[in-house]
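Each chain, written out:
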Amino acid sequence: MTDNSWEPTKSNPVTNTAAIQREVMKTAADVIRKSAIADDRLTSMASVDVGETPSEVVYTENKLELLHYEPLTESQHDVPILVVYALINKPFILDLQPDRSVVRRLLEAGHDVYLIDWGEPSRLDVSLGIYDYVERYIDNCVDVVRDRSGQDAINVLGYCMGGTLSTIYAALHPEKVKTLGLMATGLYFEDSGGILELWGDGAYYDSRGVTEMFGTVPAEFLAIGFALMDPIANYLTKYVHLYDRLENEDFVENFARMERWLSDGVDVASEVYVQFLEDIYQSNCLYRNELEVGGEHVDIMNLDMPVLQIVGEYDNLVPNEASLAFNDVIPADVTVIQYPTGHVGLSMSDTVHRDVWPEVAEWFFEQSGAPSLADVIGEGIEEVLGYDVETDVTVGGADEVEVRIAGESGHIDHGIVQRDVESIRRFVEDALGVDIRISEGSDGIVVQVQGDETAGRVVVMGIAAAISEEIEEAIEDADLAAAVELEDVEGIGPTYAGRLREAGIEDVMSLATTEPETVAAAAEATRDQAQDWVESARDLAEG
């Protein structure tokens, strides 16, 4: 057999011409179709709404407005969160639209949320420096939130440049900061790999020359600089994507919101711009613990409160190293949430809102004293049996949590389980050989613990609204499942049911939360049978 695969493909002029004609007709039809809807899409783009979460202005100073958002839950956690936004652009990127709103994610979890909107400085504000923003504006806002909430210390969440200002503030006033969350925050600038670090190097860039020319640093000047970090994507590719998806109205409206945010920038006061460039970017003074603000040393050794770093793996504006290297030079217990997205994606990516912000909300609850799902169970265990139950929401997947159990003699057990009440309850029961029942009481959630030699009952109060709702739903599901016998699951007869009960799988809820392999071994059935039973049990448990 002769191999002729090396021979060039012979061209067929008729076929080629027909193919070209089809492509031309297809392209023409695409252009005509998109032209017909272009006017409607332009109208939609011009009319998009942003920053729709209801709020009221509770404090003003100069151009600054302190916003307090209306709650979305019946009750809120006692310790509020103050969001400190960057000095560049407007803060509605954190409230872009209902399904992509950092503010709403925190509100939906039961947090009490405030946000600083800096406004836009005028030429009268050119002399505002880091001292003014930290020791005047942020401090006054923190005091307002403290007074309104009755708390001595509050949670602070800073974004980008706002995170750097928040870090400085927390170092100067640690007694007023319960926890410090930092989102895409630049804190270390010495070979951290950032383009802006290179462009802003003192050997090439004179920040005072810019401010002497412009006064306040124009938003347009800053926007062009950011866009030039990736000119192909920012000036060409994104518009190609817009054209390709012109028929997708949701995409077009999302595109319009982002463009509005990018184009709706604010100027930056001259002195704070210079101080950031010279002291923080070029001299790396904050990281070196050499920064002074208003003649006072900003001692980063005061940062001993819980700290959360939220970073995007693909952030080219604030590379991960520019944030995470700071963890090595402060005494705080630092939690890191690293996610495969970019700088802006941390605010508006669909998957970030699904995977990251629930973790952030729970971290603030746990670190500021509100019980988590496992804490509700853990309080009963600690009171009755003397064991300690702790969780870490940053371990495992988005819907998982690490549970650790320890006694007086040390570690007992740990594991990564589904982040729901029933899975956590079952894990603790198996680890300690106890029976745990959860019910609603007039003052909180009642946890009953029954061991071989001891039993007790604890009422857990002060639970965040979102966690309380999840526990109540779990109780309802458990009550529903308890009313269903194992024999009611298709395929389970008296013999299989008896074997399952002997193995401790006594009801439908137990069956729903047990691995199929374990069920198969207990019932002496095949894995496929067990898989079907578990799936049926989960359907019943979910109502």
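Structural notes, computed from the coordinates.

**Some thoughts on helix α20 (residues 516-523)**
Okay, step 1: Those residues of α20 not exposed but buried are Pro516, Val519, Ala520, Ala522 and Ala523. Looking straight down α20, one finds its buried side chains confined to an arc of 165°; they lie on one side.
Okay, step 2: In the stretch just after α20, Glu524 is the one whose phi turns positive, near 60°.

**Section: the sheet that holds strand β1 (residues 55-61)**
Okay, step 1: Strands sit in the order β1-β2-β4-β3-β5-β6-β9-β10 across an open sheet of eight strands; the sheet is mixed. Strands at the two margins of the open sheet, each flanked by one partner only, are β1 and β10 (334-339). Each strand axis lies, on average, 20° off the axis of its neighbour in the sheet, ignoring direction.
Okay, step 2: Note that strand β2 (residues 64-69) and strand β4 (residues 113-117) share four bridges and pair antiparallel. Pairing of Leu67 across the sheet is with Leu115, part of β4.

**Description of the sheet that holds strand β14 (residues 435-440)**
Okay, step 1: Ordered by their spatial adjacency, three strands build an open sheet running β14-β15-β16, and the pairing between neighbours is antiparallel. If you trace the sheet from one side to the other, it starts and ends with β14 and β16 (455-460), each paired once. Direction aside, the axes of adjacent strands within the sheet are offset by 15° on average.
Okay, step 2: Relative to strand β15 (residues 445-450), β14 runs antiparallel, the two sharing six bridges. The residue bridging Arg437 from the neighbouring strand is Gln448, located in β15.

**Examining unusual backbone geometry**
Okay, step 1: For Asn89, which is not glycine, the phi dihedral falls at a positive 65°.
Okay, step 2: With respect to the element layout, Asn89 can be found in the loop between β3 (81-84) and α2 (102-108).
Okay, step 3: Judged by relative accessible area, Asn89 falls into the buried class, the value being 15%.

**Some remarks on the pattern of salt bridges**
Okay, step 1: Across all of its chains, the model carries 20 salt bridges by this definition.
Okay, step 2: Where Asp143 meets Lys176, a salt bridge forms, and the shortest distance between an N and an O atom there is 3.0 Å. Placement of the pair is Asp143 in helix α3 (residues 130-149) and Lys176 in the loop between α4 (161-172) and β6 (177-183), with a sequence separation of 33 residues.
Okay, step 3: In this structure Asp143 comes out as partly exposed when scored by relative accessible area, which is 22%.
Okay, step 4: Judged by relative accessible area, which is 12%, Lys176 ranks as buried.
Okay, step 5: A single network of salt bridges, built from pairs that share partners, joins Arg425, Arg426, Glu429, Asp435 and Arg437.

**Observations regarding the nonpolar core**
Okay, step 1: Leu82, Leu94, Trp118 and Ile168 are the most contacted members of the largest nonpolar core, which has 92 residues in total.
Okay, step 2: Ranked by residue count, the leading element in this core is α3, at nine residues.
Okay, step 3: Not counting residues within four places of it along the chain, the set of residues in contact with Leu94 comprises Val83, Tyr85, Ser101, Val102, Val103, Leu115, Tyr159, Met183 and Ser347.
Okay, step 4: Counting 22 residues, the second-largest nonpolar core is a separate cluster that includes Val376, Val421, Ile424 and Val449.

**A closer look at the pairing of β3**
Regular strands place their side chains on alternate faces of the sheet.
Okay, step 1: Residues Ile81 and Val83 point to one face of β3 and Leu82 and Val84 to the other, with burial holding for every one of them.
Okay, step 2: The pairing of β3 with β4 spans four bridges and is classified as parallel. Each bridged residue has a counterpart across the sheet, and for Ile81 the counterpart in β4 is Val113.
Okay, step 3: Crossover β3 to β4 through α2 is right-handed.
Okay, step 4: Strand direction decides the pairing type here: β3 and strand β5 (residues 154-159), joined by four bridges, are parallel. Along β5, the bridge assignment pairs Leu82 with Val156.

The rules behind these values
Residue indices begin from 1 for each chain and proceed along its sequence in written order. Side-chain atom pairs in this predicted model are given and counted only at pLDDT of 80 or more, local residue features only at pLDDT of at least 70, and totals for whole chains, interfaces and linings cover all residues. Hydrogens and water are ignored here; the side-chain numbers use all heavy atoms of the structure. Throughout this description, buried means an accessible area under 20% of the type-specific maximum (1.4 Å probe, protein chains only), exposed means over 50%, and partly exposed covers the range between. To qualify as a helix, a DSSP run of H or I must reach at least 4 residues; to qualify as a strand, a run of E must reach at least 2; elements of each kind are numbered from the N terminus. Starting at the helix axis, one direction is taken to each C-beta atom, and the arc is that of these directions. At least two DSSP bridges between two strands are needed for those strands to be called paired. Under this scheme, a helix contributes an axis fitted over its contacting stretch, all axes are lines through C-alpha atoms, and angles between N-to-C directions fall in the 0 to 180 degree range. Here, a salt bridge means any side-chain nitrogen of Lys or Arg that lies within 4 Å of a carboxyl oxygen of Asp or Glu. Joining through side-chain atoms within 4.5 Å is the link that ties buried Ala, Val, Leu, Ile, Met, Phe, Trp, Tyr and Cys residues into a set, and such a set is a nonpolar core. Any two residues having at least one pair of non-hydrogen atoms within 4.5 Å are treated as being in contact. With the strands aimed away from the viewer, a crossover counts as right-handed if its path from the first strand over the helix to the second runs clockwise.

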